[in-house]
Structure formats: structure tokens, C-alpha cells
Amino acid sequence: MTMKPVGQTATAGFQIGVRRTLNMSKEQAWELLTSATGLKLWLGDLETLNLEAGHPYTAYDGTSGEMRVVKPYAQLRMTWQRKDWAKPSTLQIRLLPASGNKTTISFHQEKLADLHAREEMKMRWESVLSRLSDYAG
């Protein structure tokens, strides 16, 4: 019996999930994620982002995709494709209530091409969460 590599699924390619609990309410976390400062941290530099399902986006580094689900103060789901990737992945960001008026921010990405892409995105989301935590009280 061969073992599957860490993060490999039967149907969604490779996936990664990273989360961190921050000392802020869901409303504060949402406002940070969707602010110009927050967007730059996790999505990159881009001219505009329409937070409505069906709207495309392209960052200046070539990362592009389409918003699929927008539930204010709870969830963002979108396609995410770097310019050098053959196919898009799916990125989901969830805001989960935690005790003491804290919020857990969860990044989950699936349909990644391989173990290398998984590790690359794991490092990216861990870095993003670390930088977002700098804004928490």
C-alpha cells in the first residue's frame, strides 16, 4: 500500500489549510481583510476588487481569479491562479468566532497542482496570518 503525500486528496489535488486566532471581532477581521491594507497583505497589489460573486480580479503580479462566494463577516471563496500556473485553485477564507470576542481566520486552498505548490501556499498563508496578527489588539 502506497502512502499519499501530505495534503493530497482523491478529488481536489493538493490542499492546504492554515488558521490563526486573532484578538479582534469578526467585524474587525472582515474590515481588515477587505481594506486596502488587508487586501495588499493577502491578495497583493490590485487596482480594484469588487466583493461580489462572479466578479473577476487581477493583481499586478499576475495572480487572477473570480469571486465565487461573498458572505460578509463570514466567508470569501474564489478561484486563485498565479500567472505561471496551468490551472486555477480554489481559495476559501473563513472567519470563525472564538471565545473572548476573538476570531479565527482560516485560509483553505485546494486544487493545487503538486506538493511544491502546496508548500509555497502554506508559507504564503502562514506569513499573511502573521502579518494580519500585527494589526490585532
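To start, this report covers the structure provided alongside it. The structure presented is a predicted model; accordingly, all values stated were derived computationally and were not measured.

## Regarding the packing of aromatic side chains
Okay, step 1: Counted under the stated rule, the structure contains three aromatic pairs.
Okay, step 2: Note on Trp30 and Tyr73: the rings are 6.0 Å apart at their centroids and 55° apart in plane angle, and the pair reads as tilted. One end of the pair, Trp30, is in helix α1 (residues 26–34); the other, Tyr73, is in the loop between β3 (64–71) and β4 (75–80), and 43 residues separate them in sequence.
Okay, step 3: Residue Trp30 is classed as buried on the basis of its relative accessible area, which comes to 8%.
Okay, step 4: On the basis of relative accessibility, which here comes to 33%, the residue Tyr73 falls in the partly exposed class.
Okay, step 5: One aromatic cluster is present, formed by Trp80, Phe107 and Trp125 through successive ring pairs.

## Brief notes about the sheet that holds strand β6 (residues 102–112)
Okay, step 1: Judged by pairing direction, the sheet is antiparallel, and its six strands sit side by side in the order β1-β6-β5-β4-β3-β2 without closing on themselves. A strand with exactly one partner marks an edge of an open sheet, and here the two such strands are β1 (14–22) and β2 (56–58). In this sheet, adjacent strand axes meet at a mean angle of 20° when their direction is disregarded.
Okay, step 2: Bridge count for β1 against β6 is eight bridges, and the pairing is antiparallel. Pairing of Val18 across the sheet is with Phe107, part of β6.

## What to know about the pattern of salt bridges
Okay, step 1: Applying the stated criterion across every chain, the model contains six salt bridges.
Okay, step 2: The salt bridge involving Glu110 is made with Arg77; its shortest N-O contact spans 3.8 Å. Of this pair, Glu110 sits in strand β6 while Arg77 sits in strand β4, and the two are 33 residues apart along the sequence.
Okay, step 3: For Glu110, a relative accessible area of 17% translates into the label buried.
Okay, step 4: Judged by its relative accessible area of 27%, Arg77 falls in the partly exposed class.
Okay, step 5: Between Glu126 and Lys122 there is a salt bridge; the shortest N-O distance is 3.0 Å. Of the two residues, Glu126 and Lys122 both sit in helix α3 (residues 115–133), four residues apart, roughly one turn of that helix.
Okay, step 6: Classification of Glu126 by relative accessible area gives partly exposed; the value is 35%.

## Quick notes on unusual backbone geometry
Okay, step 1: The backbone phi angle of Tyr73 is positive, close to 65°, even though this residue is not glycine.
Okay, step 2: Non-glycine residue Asn101 carries a positive phi angle of around 60°.

## Quick look at the pairing of strand β5 (residues 89–98)
Two faces belong to every sheet, and in a regular strand the side chains alternate between them.
Okay, step 1: Here β4 runs beside β5; their pairing, made up of six bridges, is antiparallel. The residue of β5 that forms the bridge with Gln75 is Arg94.
Okay, step 2: Direction of pairing for β5 relative to β6: antiparallel, over a ladder of nine bridges. Its bridge partner being in β6, Arg94 is matched across the sheet by Ser106.
Okay, step 3: Between the end of β5 and the start of β6, which pair antiparallel, lie three residues, with Gly100 showing a positive phi angle near 70°.

Rules and cut-offs
- Residues numbered from 1 in each chain as written.
- Predicted model: local features only at pLDDT ≥ 70, side-chain atom pairs only at ≥ 80, totals over all residues.
- Heavy atoms only, no water.
- Phe/Tyr/Trp six-rings, centres within 6.5 Å; stacked < 30°, edge-to-face > 60°.
- Helix = DSSP H or I, 4+ residues; strand = E, 2+ residues; numbered from the N terminus.
- Buried < 20%, exposed > 50% of the residue type's maximum accessible area, 1.4 Å probe, protein only.
- Pairing = 2+ DSSP bridges.
- Axes fitted to C-alpha atoms, helices over the stretch in contact; angles between N-to-C directions.
- Salt bridge = Lys/Arg side-chain N within 4 Å of Asp/Glu carboxyl O.

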